[in-house]
Amino acid sequence: MSSQVVEELQSAGLRITTPRVKVLEFFRSTESRHCSAEDVFRHLVEEKVEIGLATVYRVLGQLVDAGILTSSMLDSTKLVYELNQGKRHDHIICVNCGRVDEFSDPLMDARQKAVADGLGYVLTGHQLVLHGYCSACRPKPQDPATRKKA
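Summary of the structure given here. Residue indices begin from 1 for each chain and proceed along its sequence in written order. Side-chain atom pairs in this predicted model are given and counted only at pLDDT of 80 or more, local residue features only at pLDDT of at least 70, and totals for whole chains, interfaces and linings cover all residues. Only hydrogens and water are set aside when side-chain values are computed; all heavy atoms of the structure are taken into account.

1. Description of the overall build of the protein chain
So, point 1. Scanning the protein chain from N- to C-terminus turns up 5 helices and 5 strands.
So, point 2. Only DSSP runs of H or I reaching four residues or more are called helices, and only runs of E reaching two or more are called strands; each is numbered from the N terminus. Starting at the N terminus and walking to the C terminus, you meet the elements of the protein chain as α-α-α-α-β-β-β-β-α-β.
So, point 3. Across the 150 residues of the protein chain, 28% fall into the buried class.
So, point 4. Pairs of residues are marked as contacts when any of their non-hydrogen atoms sit within 4.5 Å. Taking the intrachain contacts of the protein chain between residues at least 6 apart in sequence as the baseline, contacts between residues at least 24 apart amount to 46%.
So, point 5. For the purpose of charge, His is not counted, nor are the chain termini; Lys and Arg are scored as positive and Asp and Glu as negative. Working definition for charges: the position is that of NZ of Lys, CZ of Arg, CG of Asp or CD of Glu. Mean positive and mean negative side-chain charge positions of the protein chain (19 and 19 charges, respectively) differ by 7 Å. Only protein chains enter the accessibility calculation, which uses a 1.4 Å probe; a residue is then buried when its area is under 20% of its type maximum, exposed when over 50%, and partly exposed in between.

Here it is, written out as structure tokens:
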């Protein structure tokens, strides 16, 4: 059991339980930045941790509520979780290969706040997800010499 994970849970006011420790250790050790509850569950089962999917969901919610993890809806079907590193960011996803990149843009943030203010809202947060083709998947422009003439 990692002392860093124990301290993090304690400082968030959470009791030290095996499911919380195992889930947080997973996020501290994985190379994958964005993981679904199913990803976490599969990994823990492979590691022979006796845990149910419902428990994984419950623990993920507790870690989000405590501010240790953040959650994002990167597509219309799946919520993903990542360590909260204190810096708000947005995502861009390749529609071909699924690559996810993170970015921050102060001008976009300011514009979103201005829109909310203009509509009488007080922003409590936001998620921006852009979709497109990454540089590896982007369709190549056709050579003008090989194009069919209309």
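2. A short note on the pairing of strand β3 (residues 90-94)
So, point 1. Summarising burial for β3: 4 of the 5 residues are buried, a large majority.
So, point 2. Here the rule is simple: two strands pair whenever DSSP picks up at least two bridges between them. The pairing of β3 with strand β4 (residues 100-103) spans 4 bridges and is antiparallel. Counted as the bridge partner of Ile-92 is Asp-101 from β4.
So, point 3. Turn length for the β3-β4 hairpin, with the two strands adjacent in sequence and antiparallel, is 5 residues, and the turn residue Gly-98 shows positive phi of about 85 degrees.
So, point 4. Direction of pairing for β3 relative to strand β5 (residues 129-132): parallel, over a ladder of 4 bridges.

3. Observations concerning the pattern of salt bridges
So, point 1. Basic side-chain nitrogens of Lys or Arg form a salt bridge, by our definition, when they fall within 4 Å of a carboxyl oxygen of Asp or Glu. Tallied over the full model, the rule gives 8 salt bridges.
So, point 2. Measuring nitrogen to oxygen at the nearest pair gives 3.0 Å for the salt bridge that ties Asp-90 to Arg-88.
So, point 3. Looking at Arg-88, the relative accessible area reads 34%, which means it is partly exposed.
So, point 4. Members of the salt-bridge network, linked through shared partners, are Arg-33, Glu-82 and Glu-102.

4. Concerning helix α3 (residues 37-46)
So, point 1. Residues Ala-37, Val-40 and Leu-44 constitute the buried set of α3. The arc enclosing the buried residues of α3, seen along the axis, measures out at 65 degrees, which places them on a common side.
So, point 2. Looking at the buried positions of α3, the neighbouring elements they touch are α2 (18-29), α4 (53-65) and β2 (79-83).
So, point 3. Phi for Lys-48, located one or two positions after α3, is positive at around 65 degrees. This arc is built from the directions going out from the helix axis to the C-beta atoms.

5. Concerning the sheet that holds β3
Paired through their backbone hydrogen bonds, the strands of a sheet run either parallel or antiparallel.
So, point 1. Reading across the sheet, the 3 strands line up as β4-β3-β5 and stay open at both edges, with mixed pairing between neighbours. Each edge of the open sheet is held by one strand with a lone partner, namely β4 and β5. Geometrically, the sheet is characterised by an average inter-axis angle of 25 degrees between neighbouring strands, direction not taken into account. With axes taken as lines fitted to C-alpha atoms, and helix axes fitted only over the stretch in contact, angles between N-to-C directions fall between 0 and 180 degrees.

6. Considerations on the side chain of Arg-20
So, point 1. In this structure, Arg-20 sits in helix α2.
So, point 2. For the buried Arg-20, which has no salt bridge, the nearest side chain bearing the opposite charge is Asp-65, at an N-O separation of 9.4 Å.
So, point 3. Contact partners of Arg-20, with chain neighbours within four places excluded, come to Leu-9, Leu-14, Arg-15, Val-59 and Gln-62.

7. Remarks on the packing of aromatic side chains
To describe a pair of aromatic rings, you give the distance between the ring centres and the angle between the ring planes.
So, point 1. Put simply, two rings from Phe, Tyr or Trp (the six-membered ring, in Trp's case) pair if the centres are within 6.5 Å, and we call them stacked under 30 degrees between planes, edge-to-face over 60, tilted for the rest. Scanning all chains against the criterion turns up 1 aromatic pair.
So, point 2. Taking 5.2 Å as the distance between ring centres and 80 degrees as the angle between the ring planes, the aromatic pair formed by Phe-26 and Phe-27 counts as edge-to-face.

8. Here we look at the state of the cysteines
So, point 1. Cysteine sulfurs are considered disulfide-paired once they come within 2.5 Å of each other. This model, assessed by the stated rule, comprises 0 disulfides.
So, point 2. Its sulfur unpaired, Cys-97 is 3.7 Å from the next cysteine sulfur, which belongs to Cys-94.
So, point 3. Free of any disulfide, Cys-134 has its nearest neighbouring cysteine sulfur in Cys-137, separated by 3.7 Å.
So, point 4. Among the residues examined, Cys-134 registers a relative accessible area of 11% and is labelled buried.

Bear in mind that shape data such as this cannot, by itself, settle questions of function.
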